[in-house]
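The chain contents come next:
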Amino acid sequence: VADTMSQSELLGFEAIPTSTTDTVNVPSGYKADVLVSWGDPLFANAPAFSQQNGADAQALQFGDNNDGMTFFPLASDRALLAVNNEYINDEYLFEHGGKNISADDARKSQAAHGVSLVELKKMDGRWHVNQEGRLNRRITAYTEMAMTGPAAGHSLLKTAADPSGKKILGTFNNCANGETPWGTYLTCEENFNGYFASAKNVTLGKTYQRYGISDSDWGYDWYKHDERFDVAKHPNEPHRFGWVVEIDPMDPNSTPKKRSALGRFKHENAALTVNDDGHVVVYMGDDERGEHLYKFVSEGKYDPSKGSANRDLLENGTLYVAKFTGSDDELNGQGEWLALTFGKNGLTPENGFPDEASVLIFAREAATQVGATTMDRPEWVAVHADKKHVFCTLTNNKYRGVKDNHPLNAANPRTENPYGHIIRWAPTQGDHTRDTFEWDIFVMAGHPEKQSGLMAGTDNINKDNMFNSPDGIGFDRAGRLWIQTDGNYSNEGDFAGMGNNQMLCADTQTGEIRRFLTGPTSCEITGLTFTPDSRTMFVGVQHPGAHFPAGGNAIPRSSVIMITKEDGGVIGS
Ligand code: FEO
Ligand code: CA
Ligand code: CA
Ligand code: CA
């Protein structure tokens, strides 16, 4: 059957089939090379990768599980790549597989988290890591940072080690990212709850439960060697994570700033756009079943002529959360942004919000208080270059409509949503500061061969472009929407014919979606950025599970790969 939508002028490559092999595959005429992998030395004095490396070595090497990233050009043959290092896999990080974590192991694990700032140089027509680069830097779970904005110094952020409530050590579970027009990098703290634990059985209150913080961690064991992760001893430490962190990548001595005005939740990415009137608007997902979609609007305005005076625009502004309405079977409707402002919309002391800082620190509860829509795990947000439309991946929600008290709603209309969807909205009159918008569903992933109705997916899904669990998304300069997946790669049952995780490319005008890349065994594809000429694309392969990239019997290593076109052309063209 002919695909009536296959006439996109934006998509110039031939779609590739699914794959279940331990390789990266790209369309004919393209190639994919590994740029950097977990454990690669970032400094001339750093040791070569070895699984036996300890904490000191890891602190001088590329971190683990690369995720969101941004390419900062420095010259035609020099650049800086800022890359998030989300988490670690015990079974690969340690030769002993993670049994009985020692003090050095815990420190190594902390050093494998955070952000890697990697200088690149172009030689022989391709980019390479430059170990001599002055800007190379590792930011880890113990790098000193400053808390800024309305919550800085609040009593809920004060600890025994930091009575100021403004000096925080580290960032971790850095999922996706953003960048600003004033040249800084934004890194987003996602599943921070998984690092707190206690040897004592303690029952924590509702404000901890809402974020999944308890007396047991996800196996990292940091609390055994670094007391601040013992939530019974230091109950305010978890309040110091779950933020967006702004980093000046051009000053290796700069102190990263946590921007409390953007709220505390399990941040996925930070999609920043400058509104026509100069207000800076940042869209942000909170990746958990039934959590919400947020927007920040700066108080000040961006003025390119003011240079570094723009640098604190993320310090103050208004945080909003989305409410979607519409009828259940139309896949479109209206929306409203509800302000999370102390004293408004029921965010009052009587309802448990004594001040502005508590609204930001407990943003999830504030969102519930104002009546935000529960979503199917909002992951990345991307703003089209024309600024008229914004897209967000809703990756999946196995409990939608069956558990967790999240009934179906117009924007999240599928029971157990196993495949995920991408929602799109248009701010009223193209003004991102307005509190209303119209929305529709750009694509509902599904299985047109095995399913019917909503489970089959929208019309732009066919047997040749099936995927599930959209996660990373981003636009290139020409307006192609790149879609990365973090889904079920069993290739069986409801997911038969979908293969390994992948990256697709969409023309958002015609709706057409084509598969561009397939990843190695068990990986997720996440993180994307381009050179300014769009002729090199950087893509992340996260948590591969077999032997990628070295092959043979090698342990797998998360890696950033670089995609180029053999004729030197624009990626996707
Ligand atoms: Fe780190 Fe929601 O992905
Ligand atoms: Ca993700
Ligand atoms: Ca995901
Ligand atoms: Ca991930």
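Structure's up top.
Here's what I pulled together on the structure shown here. Residue positions are given per chain, counted from 1 along the sequence in the order it is written. Labels follow written order: the first chain is A, the first ligand is 1, and so on. Local features are withheld for residues below a pLDDT of 70 in this predicted model, meaning they are given only at 70 or higher, and side-chain atom pairs are given and counted only at 80 or more; totals for whole chains, interfaces and linings count all residues. As a convention, hydrogens and water are excluded, and side-chain values are obtained from all of the structure's heavy atoms.

### Concerning the coordination of the calcium ion (ligand 3)
- Protein-derived coordination of the calcium ion (ligand 3) comes from E379 (OE), D471 (OD) and D486 (OD), at a distance range of 2.3 to 2.4 Å.
- Mapping the donors of the calcium ion (ligand 3) onto the primary sequence yields the spacing E-x91-D-x14-D.
- Sites may look incomplete, because water is not among the atoms used; the donor set itself consists of N, O and S atoms within 2.8 Å of the metal (3.2 Å for Na, K and Ca). The distance between the calcium ion (ligand 3) and the calcium ion (ligand 2) comes to 3.7 Å, with E379 serving as a donor to both metals. Here E379 is found in strand 18 (residues 378-383), whereas its partner D471 is found in strand 22 (residues 470-475), with 92 residues between them in sequence. By the burial criterion, E379 is buried, and D471 matches it. Runs of E in the DSSP output that reach at least two residues are strands. Runs of H or I that reach at least four are helices, and both are numbered from the N terminus. The rule is simple: take the accessible area with a 1.4 Å probe, protein chains only, and divide by the maximum for that residue type; under 20% is buried, over 50% is exposed, in between is partly exposed.

### Points about the packing of aromatic side chains
- Here a pair means two rings of Phe, Tyr or Trp (six-membered ring of Trp) with centres within 6.5 Å. Their orientation is stacked below 30 degrees between planes, edge-to-face above 60, and tilted elsewhere. The tally for this structure, following the rule as stated, stands at 32 aromatic pairs.
- Seen in terms of ring centroids, F324 and F437 are 5.3 Å apart; in terms of plane orientation they differ by 70 degrees. Their pairing is edge-to-face. Placement of F324 in strand 16 (residues 317-325) and of F437 in strand 21 (residues 436-444) is noted, with a sequence separation of 113 residues between them.
- Chaining the aromatic ring pairs together yields one cluster made of F172, Y195, F196, Y220, W222, F229 and F241.
- In our convention, an over-ring charge means Lys NZ or Arg CZ found within 6 Å of a ring centre and within 35 degrees of that ring's normal. Over the ring of Y142 we find R107, and its NZ or CZ is 3.4 Å from the ring centre.
- When the ring centre of F13 is taken as reference, the NZ or CZ atom of R514 above it lies at 5.8 Å.

### A closer look at the coordination of the calcium ion (ligand 2)
- For the calcium ion (ligand 2), every protein donor is listed as E268 (OE), E379 (OE), D471 (OD) and D471 (OD), and the spread of their distances is 2.2 to 2.7 Å.
- Mapped onto the sequence, the donors of the calcium ion (ligand 2) take the spacing E-x110-E-x91-D.

### Notes on the sheet that holds strand 8 (residues 167-169)
- Read from one edge of the open sheet, six strands run 8-7-12-11-10-9, paired in mixed fashion. A single partner strand is all that each edge strand has here, and the edge strands are strand 8 and strand 9 (174-179). Averaged over all adjacent pairs, the angle separating strand axes in this sheet is 35 degrees, with direction ignored.
- When DSSP finds two or more bridges between two strands, those strands count as paired. The pairing of strand 11 (residues 244-247) with strand 12 (residues 257-259) spans three bridges and is classified as antiparallel. When the bridges of strand 12 are listed, E246 appears paired with K257. For helices, the axis comes from a line fit to the C-alpha atoms of the stretch in contact; other axes are also lines fit to C-alpha atoms, and the angle between any two N-to-C directions lies between 0 and 180 degrees.

### Re the pattern of salt bridges
- Each reported salt bridge corresponds to a side-chain nitrogen of Lys or Arg within 4 Å of a carboxyl oxygen of Asp or Glu. In the structure shown here, the tally under the stated rule is 27 salt bridges.
- Measuring nitrogen to oxygen at the nearest pair gives 3.8 Å for the salt bridge that ties D404 to R289. Here R289 lies in the loop between strand 14 (279-285) and strand 15 (293-301) and D404 lies in the loop between strand 19 (390-394) and strand 20 (421-427), a separation of 115 residues in the sequence.
- Judged by relative accessible area, which is 30%, R289 ranks as partly exposed.

### Here we look at the sheet that holds strand 28 (residues 559-565)
- Taken in spatial order, the four strands make up an open sheet running 1-28-27-26, and their pairing is antiparallel. Each edge of the open sheet carries a strand with a single partner, namely strand 1 (30-37) and strand 26 (524-530). Averaged over all pairs of adjacent strands, the angle between their axes in this sheet comes to 30 degrees, without regard to strand direction.
- Summarising the sheet, strand 27 (residues 536-542) and strand 28 pair through six bridges and their orientation is antiparallel. Pairing of F538 across the sheet is with M562, part of strand 28.

### Focus: the nonpolar core
- Ranked by size, the top nonpolar core spans 64 residues in total, and within it F172, V282, M284, Y294, L314 and L340 carry the most contacts.
- The start and end points of each domain follow an automatic or database-based domain assignment. Both domain 1 (30-35 + 142-150 + 176-187 + 244-565) and domain 2 (191-241) contribute no fewer than three residues apiece to this core.
- Listed in part, the 43 residues of the second largest apolar core include Y30, C175, W380 and L504. Only buried residues count toward a nonpolar core. Its members are Ala, Val, Leu, Ile, Met, Phe, Trp, Tyr and Cys residues joined through side-chain atoms within 4.5 Å.

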